[in-house]
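# Observations on the three-dimensional arrangement
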Amino acid sequence: MDIAKDGNAAWFERAKRVAPGGVNSPVRAFNGVGGTPLVVQGGEGARVRAADGRLLTDYCCSWGAMILGHANPEIVAAISEQAAKGTTFGIVTESEVVFAERLCSLVPGMEKVRAVNSGTEAVMSAVRLARGVTGRDLVVKFDGCYHGHSDSMLVKSGSGVLTAGISGAASSAGVPADFARLTVSLPYNDITAAQTFFASNGKAVAAVIVEPAAGNMGLVPPKPGFLAELRSLTQAAGALLICDEVIDGFRFGLSTYSALVAQVEPDLVTLGKVIGGGLPLAAVGGRAVFMDRFAPDGPVYQAGTLAGNPLAVAAGLKTLEMLERDNPYRAMADVCAALADGVNGSARQRGVPVRAARFGGVFTLFCSADPVTDLATAQRCDTRLYARIFHGLYDRGIYIAPSQFECNFVSAAHTADDAERFVAAFDGTLASLRRQA
Ligand SMILES: *Cc1c(COP(=O)(O)O)cnc(C)c1O
């Protein structure tokens, strides 16, 4: 028995005794790939240290939140400094005002913003606001997109829901069918389906919510014109367009995907992950005419004891400051491109049906001979092949998402050497698969 893995397993045994499935979020389980989930003691830069002491190069990066790598000294200093001054007051603090000003200056169309603690809360609040503003109940989302785990959003959901293969009207037990009925899920990237739906139901729609570049069925960028069409359909129908930028926002540049890449201006934007600098912080923002409908000035109730708490804001502000100062986006994209190109070259040469989908510093290794453009094509992937590749990389000191239906992230701490090592490990994995076959 592998002593290293044994140390990890001992921790996970303890975890299983006291936590459901041994995890605090299903995406950390290894149900999609088999084996014992990784338990870490800590991390530094691009690496995490497993419970057994083994160092792994990490491409999960807390699902993209750690865009500057683990335990970045400047972020750590910002957090420590704030901790000494107090961590939460339940009173307006100076730094949360600065944080809101910062987001409004960086995201076009964002005039006001409310800070919350998670992406789930940001989306839940945005959807309630859209319903409150329009007086309509129906919400449109897209198959395979994940918008957190609030009741309205667990319909044909991506991420851990997809990995678990849960199906039915709602993607989760405990979501009443009467709630699920109010959420319509359409195929992502299908302009005709959206047009057809809006032609007969447009006036009943409170909001369309979309991940501008889908990241929770693996990385699936939007087809040209898809987001622009959603903008014009919602505008014509008097519905709101919500861009869920929790994964995309500040990932590809110092603003949202909708602003930087798609050039579409939604009514509401949700942010999370990157903007929290590794602490629990997310936000919903948009035009003041809508945002002012939130309590206390408006009738849409929304609140939070720890919302905008100074500790998380300190990490978020420092992250935004460093992203602006160091502009690591180009370097992250270059590392990721080298990695993806190397992977695709190796797969082609060895005749294994894997292709790395990539945008900026984000990638997914799709185990499919065909391009993945929506949930239907994502579900054609060979998840058993993915599991074998995952374990091949894992044994070679590389940690990617333990599921086919997730993104992997290159941080500012990853280097060209890391990309090279990844490609070598991937090629070695494919070689060993052939030997086993
Ligand atoms: C991660 C994610 C969420 C949920 O955020 P949490 O902080 O995990 O609640 C919502 N939407 C998208 C697009 C995400 O990627």
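On a predicted model such as this, the values are computed, not experimentally measured, just so you know.

### Here we look at the sheet that holds strand S8 (residues 240-244)
With mixed pairing, 7 strands are arranged side by side in an open sheet as S4-S10-S9-S8-S7-S5-S6. Edge positions in the sheet fall to strand S4 (112-116) and strand S6 (183-186), since each has one partner strand and no second. Strand after strand, the sheet turns through a mean of 20° between neighbouring axes, direction not considered. Note that strand S9 (residues 268-271) and strand S10 (residues 282-286) share 4 bridges and pair antiparallel. Looking at the pairing, Leu-271 lines up with Ala-283 of S10. Seen against the sheet, helix H4 (residues 119-134) touches S4, strand S5 (138-142), S6, strand S7 (205-210), S8, S9 and S10 and runs at an angle of roughly 175° to S8.

### Notes on helix H8 (residues 226-237)
Over its 12 residues, H8 runs 17 Å from end to end, which matches the ideal 16 Å to within 8%, given 1.5 Å per residue. Burial in H8 covers these residues: Phe-226, Leu-227, Leu-230, Arg-231, Leu-233, Thr-234 and Ala-237. Among the residues trailing H8, Gly-238 stands out with phi positive, at a value near 70°.

### Remarks on the packing of aromatic side chains
Considering all chains together, one arrives at 16 aromatic pairs under this definition. Plain terms: the ring middles of Phe-30 and Tyr-394 are 5.9 Å apart, the flat faces sit at 75° to each other, and that makes the pair edge-to-face. Here Phe-30, found in the loop between helix H1 (3-18) and strand S1 (40-44), pairs with Tyr-394, found in helix H14 (residues 383-395); they are 364 residues apart in sequence, far enough to count as distant. You can call Phe-30 buried: its relative accessible area is 2%. Put simply, the rings of Phe-30, Phe-390, Tyr-394 and Tyr-399 touch in pairs and so form one group of aromatic residues. In this structure, Arg-54 is placed above the aromatic ring of Tyr-394, and the distance from its NZ or CZ to the ring centre is 5.1 Å.

### Points about the side chain of Ser-152
Take Ser-152: it is sitting in the loop between S5 and helix H5 (160-164). In terms of polar contacts, Ser-152 uses its side chain to reach the side chain of Arg-131, at 3.0 Å. Apart from residues lying up to four places away in sequence, Ser-152 is in contact with Arg-131 and Thr-183.

### Describing the site of the ligand
Taken together, Ser-118, Gly-119, Thr-120, Tyr-146, His-147, Gly-148, Glu-211, Asn-216, Asp-244, Val-246, Ile-247 and Lys-273 make up all the residues around the ligand. A distance of 3.3 Å separates a nitrogen atom of the ligand from a polar backbone atom of Tyr-146. With respect to the ligand, the side chain of Asp-244 contributes an N or O atom lying 2.7 Å from a nitrogen atom. Of the residues that constitute the shell around the ligand, the class distribution is 3 nonpolar, 6 polar and 3 charged.

### Some remarks on the pattern of salt bridges
One side chain can pair with another of opposite charge once the charged atoms of both are near each other. Inspection of every chain in the model, using the stated rule, returns 14 salt bridges. Of the charged contacts, one joins Glu-13 and Lys-16 as a salt bridge, the two residues approaching to 3.2 Å between their closest N and O atoms. Of this pair, Glu-13 and Lys-16 both sit in helix H1, 3 residues apart, roughly one helical turn. We classify Glu-13 as partly exposed; its relative accessible area is 39%. Overall, Lys-16 belongs to the partly exposed group, its relative accessible area being 45%. Arg-181 is the salt-bridge partner of Asp-178, the closest N and O atoms lying 3.6 Å from each other. Residues participating in the shared-partner salt-bridge network are Arg-47, Asp-418 and Arg-421.

### Quick word on the packing of helix H2 (residues 73-83) against helix H11 (residues 310-326)
Here H2 crosses H11 at 150°, and the two axes come no closer than 9 Å. In this view, H2 runs roughly antiparallel relative to H11, as classed from their interaxial angle. Between H2 and H11 lies a crossing whose hand is right-handed. Of H11, the residues touching H2 (which contributes Glu-74, Ile-75, Ala-78, Ile-79, Gln-82 and Ala-83) are Pro-310, Leu-311, Ala-314, Ala-315, Lys-318, Thr-319, Met-322 and Arg-325. Within the contact of H2 with H11, the residues separate by chemical class into 9 nonpolar, 2 polar and 3 charged.

### Some thoughts on the sheet that holds strand S11 (residues 355-359)
To summarise the sheet geometry, strands pair through backbone hydrogen bonds and adopt either a parallel or an antiparallel arrangement. With respect to topology, 3 strands assemble into an open sheet ordered S11-S12-S14, the strand pairing being antiparallel. Since the sheet does not close on itself, it has two edges, and those belong to S11 and strand S14 (408-409), each with one partner. Two strands pair when backbone bridges link them, and S11 and strand S12 (residues 362-366) are joined in this way by 5 bridges, in the antiparallel orientation. If you follow Phe-359 over to S12, its bridge partner there is Val-362. Each of S11 and S12 is contacted by helix H12 (residues 329-350), which is oriented at about 165° to S11, the strand it contacts most.

### Overview of the domain arrangement of the chain
Looking at the assigned domains, one finds that the chain contains domain 1 (3-60 + 328-436) and domain 2 (73-325). One C-alpha centre belongs to domain 1, the other to domain 2, and the line joining them spans 26 Å. The interface of domain 1 with domain 2 comprises 26 residues on the first partner and 24 residues on the second. Here domain 1 meets domain 2 over a buried area of about 2000 Å², counting both sides, of which 70% is carbon and sulfur. Among the residues domain 1 hides against domain 2, the three largest losses belong to Tyr-329, Phe-359 and Leu-375. Together they make up 33% of the total. Inspection of the domain 1/domain 2 interface yields 0 salt bridges.

### Examining unusual backbone geometry
With omega at 15°, the peptide bond leading from Ala-295 into Pro-296 counts as cis. Here Pro-296 lies in the loop between helix H10 (288-291) and H11. You will see that Phe-250, though not glycine, has its phi angle at about 65°, which is positive. With respect to the helices and strands, the residue Phe-250 is situated in the loop between S8 and helix H9 (257-262). Located in the positive-phi region is Gln-263, a residue other than glycine, with phi close to 50°. Checked against the element boundaries, Gln-263 lands in the loop between H9 and S9. Overall, Gln-263 belongs to the exposed group, its relative accessible area being 65%.

How each quantity is defined
Residues numbered from 1 in each chain as written. Predicted model: local features only at pLDDT ≥ 70, side-chain atom pairs only at ≥ 80, totals over all residues. Heavy atoms only, no water. Pairing = 2+ DSSP bridges. Helix = DSSP H or I, 4+ residues; strand = E, 2+ residues; numbered from the N terminus. Axes fitted to C-alpha atoms, helices over the stretch in contact; angles between N-to-C directions. Contact = heavy atoms within 4.5 Å. Expected span 1.5 Å × (residues − 1). Buried < 20%, exposed > 50% of the residue type's maximum accessible area, 1.4 Å probe, protein only. Phe/Tyr/Trp six-rings, centres within 6.5 Å; stacked < 30°, edge-to-face > 60°. Lys NZ or Arg CZ within 6 Å of the ring centre and 35° of its normal. Polar contact = N/O pair within 3.5 Å; in protein donor to acceptor, adjacent residues only side chain to side chain. Near = heavy atom within 4 Å. Nonpolar A, V, L, I, M, F, W, Y, C, P; charged D, E, K, R; others polar. Salt bridge = Lys/Arg side-chain N within 4 Å of Asp/Glu carboxyl O. Parallel < 35°, antiparallel > 145°, perpendicular 65-115°, else oblique. Left-handed = near helix turned anticlockwise from the far one by under 90°. Domains from an automatic or database assignment. Buried area = accessible area lost by both parts, 1.4 Å probe.

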